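Listed here are the chains, written in short residue letters.
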Amino acid sequence: MGKDSLTVTDNRTGKSYELPIEDGTIRGMDLRQIKTGPEDFGLMSYDPAFMNTASCKSRISFIDGDKGILRYRGYPIEQLAERSTYLETAYLLVKGELPKPSHLAAFTTNITHHTIIHENIKLFIDGFHYDAHPMGILVSTVGALSTFYPEAKKIFDPESRRIQTHRLIAKMPTMAAFAYRHSIGMPYAYPDNDLSYTGNFLNMLFKMTELKYQPNPALERALDVLFILHADHEQNCSTNAMRSVGSSQVDPYSATAAATAALYGPLHGGANEAVIRMLMEIGSVDRIPDYITRVKAGEVRLMGFGHRVYKNYDPRAKIIKEVADEVFEVTGRSALLDIALELERIALADDYFISHKLYPNVDFYSGIIYQAMGFPMDMFPVLFAIPRTAGWVAQWSEMLLDEDQKIARPRQIYLGPDERDYVPVSERGD
Ligand code: SDX
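Every chain's residues receive numbers from 1 upward, in the order its sequence appears when written. Confidence filtering applies because this is a predicted model: local features only for residues at pLDDT of at least 70, side-chain atom pairs given and counted only at 80 or more, and all residues used for totals across whole chains, interfaces and linings. With hydrogens and water stripped out, all remaining heavy atoms of the structure feed into the side-chain values.

**Student:** Give a description of the overall build of the protein that names residues and reports values.
**Tutor:** Counting from the N terminus, the helices are DSSP H or I runs at least four residues long and the strands are E runs at least two residues long. Looking only at helices and strands, the protein has 17 helices and five strands in total. Here the C-alpha radius of gyration of the protein, 24 Å, is about what a compact globule of 430 residues would show, namely 22 Å. Taken along its principal axes, the extent of the C-alpha atoms in the protein is 80 × 70 × 55 Å. Per-residue burial over the protein gives 48% buried out of 430 residues. In what follows, residue pairs with any heavy atoms lying within 4.5 Å of each other are defined as contacts. Looking at the protein alone, contacts between residues at least 24 apart form 70% of all its contacts between residues at least 6 apart. The Shrake-Rupley method, run with a 1.4 Å probe, gives the accessible areas here. Residue values count only the displayed protein chains as cover. A total of about 21,800 Å² of accessible surface is found on the protein, and carbon and sulfur atoms cover 54% of it. When charges are counted, Lys and Arg are positive and Asp and Glu negative, with His and the chain ends excluded. Lysine's charge is taken at NZ, arginine's at CZ, aspartate's at CG and glutamate's at CD. Each charge sign in the protein was given a centre, from 45 positive and 55 negative side chains, and these centres are 4 Å apart. Radius of gyration: over C-alpha atoms. The globule rule applied is 2.2 Å multiplied by the number of residues raised to the 0.38 power. Between buried and exposed lies partly exposed: a residue is buried under 20% and exposed over 50% of the maximum accessible area for its type, with that area taken using a 1.4 Å probe on protein chains only.

See the structure below:
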């Protein structure tokens, strides 16, 4: 193979340029030298939605979209889902290596002892309308944490980053559970340090009058696996928001609020809620063909299908389907599952979906499981935000320590009006 470079000829000037190829990319800034004359700003690349742009170098997640591969720090997601726990996976994402037993114990203790939130936070959760969407509460509450921990602004202090990382991973479930309890008019259930990360989350959500909540082990484990599967995923929309907002050197709580807001969208983390609404709208297996017709007509999207990177089956969807069976053994089978399975069977055999490379993604089955576990639909994106927090803070730290990075500030192609003079309103006529 020849030299790692690209030779381009600018046909406007006949001049040729050699651009180095590094890690399968050329540097956008290497295009700037391509000019028609000294007054020319130079070439830029135009890539709306970053369809073909690497915004960073990362060592955290790796996806091969064609082969349906996902690895966290090199470990296949299938092995982590089967053999790890969410907290161990969170440590792996943040630290880069699987923890030694003593390190895992210390990390678990740190997270466990940061689950309580300041009592004042309850006051503004109480201020939300009873039917406020819990993602709206979560975006606001995690942003507000920046006012309780002003030292979080010391983003280049490793000890401050370490403590804020623990606080974010530890407190997201508490804030999420408090938002849920507020929405059903129930008193807040405080953390129980005797329980696991997911066991305690179930405790804060579902504890009633019993003195000590006992999580169902099968549901506790199923939720832990779901959290592992949702923990990180390269430069997805919300991680891009975390990095972009974090690049202004704001504190991690404010950056996490931005990431949570991005995840709220129905094309991203809100898709699991949209899948359930879609399955309920379809209503029965015999009405699937009509819905598929509407999808092909471009009237609606098949929520839970498709992915920017996976052009094959999302490996997480395969694992979630297995988790579903374990959950339904406890909760009973969901009526929506039959519609989902038939929808998948039809779609995977249909040329439209095959040609558009549309396969089930992580959101297609997760919502059915959450519903069977007793979560209301508007909590589903919250169940995505909680585990993704480990990925967000890991990517945030990596961005801060990357010498290639600086404040994110894209350029644009200006198509607006040329210079023109102001006209007083009295002279504008009607
Ligand atoms: C997540 O980035 C990540 O990694 C995200 C995530 C993570 O872990 O962080 O994996 C989590 O967000 C999963 C995706 C959840 N979203 C959904 O399930 C919503 C439904 N899916 C989509 O809207 C869509 O597939 C996206 C948003 C996921 C990806 O969209 P792209 O890559 O921008 O593709 P596109 O919208 O340009 O669509 C390409 C074509 C279009 O058809 P044409 O205009 O070319 O004819 O495919 C069609 C689209 O109409 N298409 C769909 C479709 N998704 C794409 N048609 C019907 N149903 C769909 N779901």
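**Student:** Could you give me a rundown of the packing of aromatic side chains, with the residues and numbers involved?
**Tutor:** Pairing of aromatic rings covers Phe, Tyr and Trp, the last through its six-membered ring, and needs centres within 6.5 Å; plane angles under 30 degrees mean stacked, over 60 mean edge-to-face, and all others mean tilted. Summed over the entire model, instances satisfying the criterion amount to 17 aromatic pairs. Among the aromatic side chains, those forming a connected cluster through ring pairs are Tyr-86, Tyr-180, Tyr-197, Phe-201, Phe-206, Phe-227, Tyr-370, Phe-375 and Phe-380.

**Student:** Go over the pairing of strand β2 (residues 15-20), please, and point to the residues and values.
**Tutor:** Only strands joined by at least two bridges in the DSSP assignment are considered to pair. In the sheet, strand β1 (residues 5-10) pairs with β2 via six bridges, with the strands oriented antiparallel. Opposite Leu-6, over in β2, you have Leu-19 as the bridge partner. Between β1 and the antiparallel strand that follows it, β2, lie four residues; Gly-14 among them carries a positive phi value of about 80°.

**Student:** Hey, could you go over the pattern of salt bridges for me, with residue numbers and the actual values?
**Tutor:** The rule for a salt bridge is simple: a side-chain nitrogen of Lys or Arg has to be within 4 Å of a carboxyl oxygen of Asp or Glu. Tallied over the full model, the rule gives 21 salt bridges. The residue Asp-10 makes a salt bridge to Arg-12 at a minimum N-O spacing of 2.8 Å. Between Lys-67 and Asp-64 there is a salt bridge whose closest N-O contact spans 3.9 Å. Look at the salt bridges and you will find they share partners, linking Glu-22, Arg-27, Lys-57 and Asp-404 into a network.

**Student:** Summarise helix α9 (residues 237-246); cite the residues concerned and give the values.
**Tutor:** Residue pairs three or four apart in sequence face the same way in an α-helix, which turns once every 3.6 residues. Those residues of α9 that fall on the buried side of the exposure criterion are Ser-238, Thr-239, Ala-241, Met-242, Arg-243 and Gly-246. Each element contacted by the buried residues of α9 is listed here: α10 (252-263) and α17 (380-400).

**Student:** Account for the sheet that holds strand β3 (residues 61-64), naming residues and giving values.
**Tutor:** Strands sit in the order β3-β4-β5 across an open sheet of three strands; the sheet is antiparallel. Since the sheet does not close on itself, it has two edges, and those belong to β3 and β5 (75-76), each with one partner. Here four bridges tie β3 to strand β4 (residues 69-72), and the two strands are oriented antiparallel to one another. Across the sheet, residue Ser-61 finds its bridge partner in β4, namely Tyr-72.

**Student:** Outline the site of the ligand, supporting the account with residue identities and numerical values.
**Tutor:** To be near a molecule or strand, a residue needs just one of its heavy atoms within 4 Å of it. Near the ligand there are 22 residues, and of these His-233, Arg-301, His-307, Arg-308 and Arg-316 occur at the shortest range. A distance of 2.7 Å separates an oxygen atom of the ligand from a polar side-chain atom of Arg-308. For this analysis, a polar contact is any N or O atom pair within 3.5 Å, provided that within protein one partner can donate a hydrogen and the other can accept it, and provided that sequence-adjacent residues contribute only side-chain to side-chain pairs. In this structure, His-356 approaches the ligand through a side-chain N or O atom, which is 3.4 Å from an oxygen atom.

**Student:** An account of the packing of helix α11 (residues 271-282) against helix α16 (residues 362-372) is needed here, citing residue identities and associated values.
**Tutor:** Between α11 and α16, the least distance of the axes is 8 Å, while the angle of their chain directions is 80°. For the element pair α11 / α16, the angle class is roughly perpendicular. Taken together, the residues of α16 that come into contact with α11 (itself represented by Ala-271, Asn-272, Val-275, Ile-276, Met-278, Leu-279 and Met-280) are Asp-363, Phe-364, Ser-366, Gly-367, Ile-368, Tyr-370 and Gln-371. Residue composition of the contact of α11 with α16, by class: nine nonpolar, four polar and one charged. Axis definition: a line fitted to C-alpha atoms, over the contacting stretch in the case of helices. Angles run 0 to 180 degrees between N-to-C directions. Convention used here: angles under 35 degrees read as roughly parallel, angles over 145 as roughly antiparallel, angles from 65 to 115 as roughly perpendicular, and any remaining angle as oblique. Charged residues are taken to be Asp, Glu, Lys and Arg, nonpolar residues to be Ala, Val, Leu, Ile, Met, Phe, Trp, Tyr, Cys and Pro, and polar residues to be all remaining types, Gly included.

**Student:** How would you summarise helix α2 (residues 86-95) if you had to cite specific residues and measurements?
**Tutor:** Extensive coverage of α2 is indicated by the burial of eight of its 10 residues. The set of residues buried in α2 consists of Tyr-86, Leu-87, Glu-88, Thr-89, Ala-90, Tyr-91, Leu-92 and Leu-93. The positive-phi residue at the C-terminal boundary of α2 is Gly-96, with phi of around 95°.

**Student:** Tell me what's going on with a negative patch on the surface, and back it up with residues and numbers.
**Tutor:** Residues enter a patch when their relative accessible area is above 30% and they make no salt bridge; the linking distance is 9 Å between like charges and 5 Å between nonpolar side chains (Val, Leu, Ile, Met, Phe, Trp, Tyr). Taken together, Glu-82, Glu-322, Asp-325, Glu-326 and Glu-329 make up a surface patch of like negative charges. Element by element, the count of residues in the negative patch is highest for helix α13 (residues 315-331), at four residues. By secondary structure assignment, the location of Glu-329 is in helix α13. Given a relative accessible area of 71%, Glu-329 falls into the exposed group.

**Student:** If you had to explain the pairing of β4 to someone new, which residues and values would you point to?
**Tutor:** Where burial is concerned, the two faces of β4 differ: the one with Leu-70 and Tyr-72 is buried and the one with Ile-69 and Arg-71 is not. Inspection of the sheet shows β4 paired to β5 by two bridges, in the antiparallel sense. Bridging from a neighbouring strand, Tyr-72 pairs with Tyr-75 of β5. The loop that links β4 with its antiparallel partner β5 comprises two residues; one of these, Arg-73, has a positive phi angle of about 50°.

**Student:** Could you give an account of the packing of α2 against α17, with specific residues and numbers?
**Tutor:** Two numbers describe how α2 lies on α17: the axes approach to 8 Å, and their chain directions differ by 20°. By the angle class used here, α2 and α17 are roughly parallel. The interaxial crossing formed by α2 with α17 has right-handed handedness. Mapping the contact onto sequence places Tyr-86, Ala-90, Leu-93 and Val-94 in α2 and Ile-386, Pro-387, Ala-390, Gly-391, Val-393 and Ala-394 in α17. Considering only residue class, the contact of α2 with α17 consists of nine nonpolar, one polar and no charged. We call a crossing left-handed when the near helix sits turned anticlockwise from the far one by less than a right angle, and right-handed when that turn is clockwise.

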